[in-house]
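Structural features, examined
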Amino acid sequence: MRMFIQPQKLQTANPHSVRTASKQMKEQVLKTIALGFSADPVARWIWPEPDVYLEAMPRFAEAFGGHAIDAGTAYVAGGYNAASLWLSPGIEPDGDGVERILAETTRSEIAQDLEELFGQMERYHPKDIPCWYLPMIAADPAFVGRGLGAAILKHALRDCDERKEWVYLESSNPRNISLYQRFGFERIGEISAGEAPPMFPMLRPPRD
C-alpha cells in the first residue's frame, strides 16, 4: 500500500525582520556589505579592479565600521540580505586600519584625491553634539528594492530617537539620498575631491 504524506507548510520568517549582528556573524556581515557596495560610485572609483575590490572591501568595512559589531550596534535584515554598521557617539572608525588598507590596495595616482576626500569627510562630521554615525548600510544587489534598508533604518533610528540623539552619514550614491530624506536626514553639503565621485553628508535631528 502506498502512503501519501502531505507536505507541511514551511514557516517563513518575516523578510523584513531586523536583528542585531553578533560577533560570530561578523564575516557574513562584512561580505554582505561588500556585495552591497559592489556598484557604489565611490567604492568602485577607489577599487575599480574586481579582484582588488573583493579582497579589500571586507577589510575596509571592518576597519571603517566594524567596531559596531563589537558594540552590538550592527544590524541585519532578511537573514543576511542587508546589513548596516552604526557607531554610537564616542566610537570612531579604526583610522590607522583604514589608512593601512588604502595604502596597500589603492593606486598611487588617486592618493591625493583620497586624502582630500577623507579630510572633507572629517570636517563635515559633527563635533559639537553627541551624534551617531552610519558609515555603511547596504543590501545584496539580488535583494535591492525590497525595503530591507528601510526596515533597518526604521529599527535603528527608533532607538536614536528614544535617546534624543542625532545621526550623521555620508551618502556615496546619490540614488540613496531620497531614502534617507524620507527618514528625516537633511543634506548639509557636498564632498568633492578631484576625480572622486561626489559624496553627500547628511544629518538627522532626533524626532519625537
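In this report, we go over the structure that sits alongside the text. The residue numbering used here restarts from 1 in each chain and proceeds along that chain's sequence as written. Only residues with pLDDT of at least 70 are given local features in this predicted model, and only at 80 or more are side-chain atom pairs given and counted; all residues enter the totals for whole chains, interfaces and linings. As a rule here, side-chain values come from all non-hydrogen atoms in the structure, and water together with hydrogens is ignored.

1. Re the overall build of the chain
Looking only at helices and strands, the chain has eight helices and seven strands in total. Expected size for 208 residues packed as a compact globule is a radius of gyration near 17 Å; at 19 Å, the chain falls within 12% of this value. Projected onto its principal axes, the C-alpha positions of the chain cover 80 × 45 × 30 Å. Per-residue burial for the chain yields a buried fraction of 47% across its 208 residues. Residue contacts are counted whenever heavy atoms from the two residues lie within 4.5 Å of one another. Taking contacts inside the chain between residues at least 6 apart in sequence as the whole, the part at least 24 apart equals 74%. Throughout, the Shrake-Rupley method with a 1.4 Å probe supplies accessible areas, and for residues the shown protein chains are the sole cover considered. Carbon and sulfur atoms provide 51% of the accessible area of the chain, an area that totals close to 11500 Å². The helix and strand labels rest on DSSP assignments: H or I over at least four residues marks a helix, E over at least two residues marks a strand, and numbering proceeds from the N terminus. As a reference, a globule follows 2.2 Å times the number of residues to the power 0.38, and the radius of gyration itself is taken over C-alpha atoms. Categorising residues by exposure relies on relative accessible area from a 1.4 Å probe, with only protein chains included: less than 20% of the type maximum marks a residue as buried, more than 50% marks it as exposed, and the intermediate range marks it as partly exposed.

2. A short note on the pattern of salt bridges
Salt-bridge detection follows one rule: a side-chain nitrogen of Lys or Arg within 4 Å of a carboxyl oxygen of Asp or Glu. Under the counting rule described, the total for this entry stands at ten salt bridges. Its salt-bridge partner being Glu116, residue Arg123 comes within 3.2 Å of it at the nearest N-O pair. Judged by its relative accessible area of 57%, Arg123 is exposed. By sharing partners, the salt bridges in this structure join Lys26, Glu62 and Asp70 into a single network.

3. Some details on helix H6 (residues 111-124)
The span one expects for a helix is its residue count, reduced by one, times 1.5 Å. With 14 residues, H6 ought to run about 20 Å at 1.5 Å a step, and its terminal C-alpha atoms sit 20 Å apart, in line with that. Listed in full, the buried residues belonging to H6 are Asp113, Leu114, Leu117, Gln120 and Met121. Seen end-on, H6 carries its buried residues on one side only, within an arc spanning 130°. Seen from the buried face of H6, the exposed residues on the opposite side, beyond 90 degrees, are Gln112, Glu115 and Arg123. The inward-facing, buried residues of H6 contact helix H2 (41-46), helix H3 (50-65), helix H5 (95-105), strand S4 (131-139) and strand S5 (166-171). It is the directions from the helix axis to the C-beta atoms whose arc is reported.

4. Remarks on the pairing of S4
A regular strand places its side chains on the two faces of the sheet in alternate fashion. Buried residues dominate S4, accounting for nine of its nine residues. For two strands to be treated as a pair, DSSP must find no fewer than two bridges joining them. Examined bridge by bridge, strand S3 (residues 82-87) and S4 share five bridges and lie antiparallel to one another. For Leu87, the partnering residue across the bridge sits in S4 and is Tyr133. Bridge count for S4 against S5 is three bridges, and the pairing is parallel. Bridge pairing in S5 links Trp132 to Val167.

Honestly, that's just the spatial picture; any functional story needs more than this.
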